[in-house]
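# Overview (structure and organization)
Letter by letter, the chains look like this.
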Amino acid sequence: MLALAAGCPEAPPLSLTVEPATLAADGLTRAVVIARTRDPIEGAVVSFAATGGALSSSTAALVDGEATVELVAPLERELGRSPERAIALSAFLQLSESERLEATAGVVALPPTDGPPLLFLDAEPPAAVAGSGGAVVLRVLARRVAAGASLTIDVPGFDADASATVEADGSAVAALQVPATPGDATVTVTEPASGATALVVVRFVAEGEPLYDLTGAFAQIGPARVKLVSGALAPNPQCAIAPSIILATFVQAGLDVQASYRTCDVTFPPVTSIVGTITNQATEAFYQAIPVVEQQFALPNGELGAEYAPPPSIVVVGAALGDPEHEALPTEAEDPRVEDTDGDGRPGVTVENSLGGLQNIVFRNIGYAGGQVRSSNRIVGDRPGDLLATTETSVFGIGGAFLPDTTALGSVVELVRIDGRFGAWDADVDADGAISCAEAKDAAAAVAELVAPDTPFDCGEER
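Rules and cut-offs
- Residues numbered from 1 in each chain as written.
- Predicted model: local features only at pLDDT ≥ 70, side-chain atom pairs only at ≥ 80, totals over all residues.
- Heavy atoms only, no water.
- Buried < 20%, exposed > 50% of the residue type's maximum accessible area, 1.4 Å probe, protein only.
- Helix = DSSP H or I, 4+ residues; strand = E, 2+ residues; numbered from the N terminus.
- Arc of directions from axis to C-beta.
- Contact = heavy atoms within 4.5 Å.
- Pairing = 2+ DSSP bridges.
- Axes fitted to C-alpha atoms, helices over the stretch in contact; angles between N-to-C directions.
- Disulfide = S-S within 2.5 Å.
- Domains from an automatic or database assignment.
- Buried area = accessible area lost by both parts, 1.4 Å probe.
- Salt bridge = Lys/Arg side-chain N within 4 Å of Asp/Glu carboxyl O.
- Polar contact = N/O pair within 3.5 Å; in protein donor to acceptor, adjacent residues only side chain to side chain.
- Nonpolar A, V, L, I, M, F, W, Y, C, P; charged D, E, K, R; others polar.

Side chains that are three or four residues apart share a direction in an α-helix, a result of its 3.6 residues per turn. Taken residue by residue, helix α2 (residues 437–447) has E439, A440, A443, A444, A446 and V447 as its buried positions. Mapping the buried residues of α2 onto a view down its axis gives an arc of 165°, with all of them on the same face. In this structure, the buried residues of α2 make contact with β18 (216–229), β19 (238–253), β30 (378–381) and β33 (413–417).

Next up, the structure:
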């Protein structure tokens, strides 16, 4: 029998592997994802999650110490112009109420080398004042199109180059002259041999009118960052990413905006304590209980790059407070301010805790999301601090004694149009004329471009 050499590290109790390590982003290619246990735990069920693509199953039973699922690659359009997309995979195994095993791995999705041509089209700038002269630059990225190929460009009613030539790096450039009269130009570029097309809408507005129109539905994608401090944490402190997806709906009149924000998905950051990793999972009823935030604000000017700075939003779930921003949260279920907001017959709102099972809480989030209006289709907050989300949770019962203190760290945010206007992604898959939270969450993976700032698990602090 072989023995481990002295000083050789012991294998982790749960490990996760994925083969192959790269996938062609064709929506068809599959990778095998295997969770392995160091010790035999026959019949237990492993849960899986992925930040992209699609898993063949979210759970699998252990057989001979292994649980296996498949990851189906994302579609190439979900990569956009990016040359690759990293997908994080995780697996966990709940051994008991107080013991949970976790493991992570990663895979990279790349543009396929085979398949039909695919075109991406952008306009720089995406809008201009009619009669101002000059031209809008049309930039094309062509995949699987031979260098020297000619692309046709069609802009009904406008003066544009009739074609563009694909360079060795897949790029092609054309020009669209700024017209004398206002109007939206629908630009279509086509690769004649395959029929592959891409579309963009360029706006030409009257003097004094905003260069953007935000009216419509957007996915607000925010990888919030938080710092957690508690003597029960190991290590202490810890820092984590807590992503959220919000369905933002705007009605713009001049520079005035009427905004509505519905929370579709929010992540409670996992913590590693002296008794293991602890996670909380919100229920669907929890999301339904979160109030929609209604706001009115004005944009400073109508130029591209205008500052987008709505007021901070304050959301309290599970209690009715006279001062939602400053009033202390209830700590006892019997507090008269506590409400059964999710309607499940329990005080406050209910979340699923990996250590304590169902827990009843009151939750408060004070969030700010700002940035610059890049076009009618995108608002980008790419400076750390453009997103700042302060969360506070009060847990009824013994679980409240183990809550860490939470501090918001600056992060980034983007709002991307998902209603199909101006050539944007259309998330309305059921064609009912409205974007649901489920549709917004599905679209977010395809349209997100920003990456959260580096966030070391131990906050990068020396101890």
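Moving on from the coordinates now.
The next thing to look at is the sheet that holds strand β11 (residues 127–129). Taken in spatial order, the 5 strands line up as β11-β17-β16-β13-β14 in an open sheet, and their pairing is mixed. In this open sheet, the two strands that pair with only one neighbour each are β11 and β14 (163–165). Averaged over all pairs of adjacent strands, the angle between their axes in this sheet comes to 25°, without regard to strand direction.

Scanning the model with the defined rule gives 2 disulfides in all. A disulfide bridge connects C239 with C459, and the sulfur atoms are separated by 2.1 Å. Between C239 and C459 the disulfide shows an S-S torsion of about 105°. By sign, it is right-handed. Of this pair, C239 sits in strand β19 while C459 sits in the segment after α2, and the two are 220 residues apart along the sequence. A relative accessible area of 7% places C239 in the buried class. A relative accessible area of 17% means that C459 is categorised as buried. Each sulfur in the disulfide pair C264 and C437 lies 2.0 Å from the other. Negative torsions about the S-S bond denote left-handed disulfides, and the value of about -75° found for C264 with C437 makes this one left-handed.

This part covers unusual backbone geometry. Cis geometry marks the peptide bond from E124 to P125, where omega comes out at -5°. Residue position: P125 is located in the loop between β10 (118–124) and β11. In this structure, the amide linkage connecting N236 to the following residue, P237, adopts the cis form with an omega of 5°. Mapped onto the secondary structure, P237 falls in the loop between β18 and β19. Non-glycine residue D64 carries a positive phi angle of around 55°. Judged by relative accessible area, which is 69%, D64 ranks as exposed.

Turning our attention to the domain arrangement of the chain. Domain annotation of the chain identifies domain 1 (2–110), domain 2 (118–205) and domain 3 (216–462). The C-alpha-based centres of domain 1 and domain 2 are spaced at 42 Å. For domain 1, the biggest contributors to the area lost against domain 2 are E76, R77 and R81; these three give 86% of the whole. Viewed at the interface, domain 2 and domain 1 are joined by 3 salt bridges. Applying the counting rule to domain 1 against domain 2 returns 6 residue pairs in polar contact (both at pLDDT 80 or more). Residues of the side of domain 1 that touches domain 2, tallied by class, amount to no nonpolar, 2 polar and 3 charged.

One pass over the structure, following the stated rule, counts 19 salt bridges. Here R38 ties to D39 by a salt bridge, and the two come within 3.6 Å at their closest N and O atoms. According to the relative accessible area criterion, R38 is partly exposed, its value standing at 34%. Here E124 ties to R139 by a salt bridge, and the two come within 2.8 Å at their closest N and O atoms. You can see E124 sitting in strand β10 and its partner R139 sitting in strand β12 (residues 135–143), a full 15 residues away along the chain.

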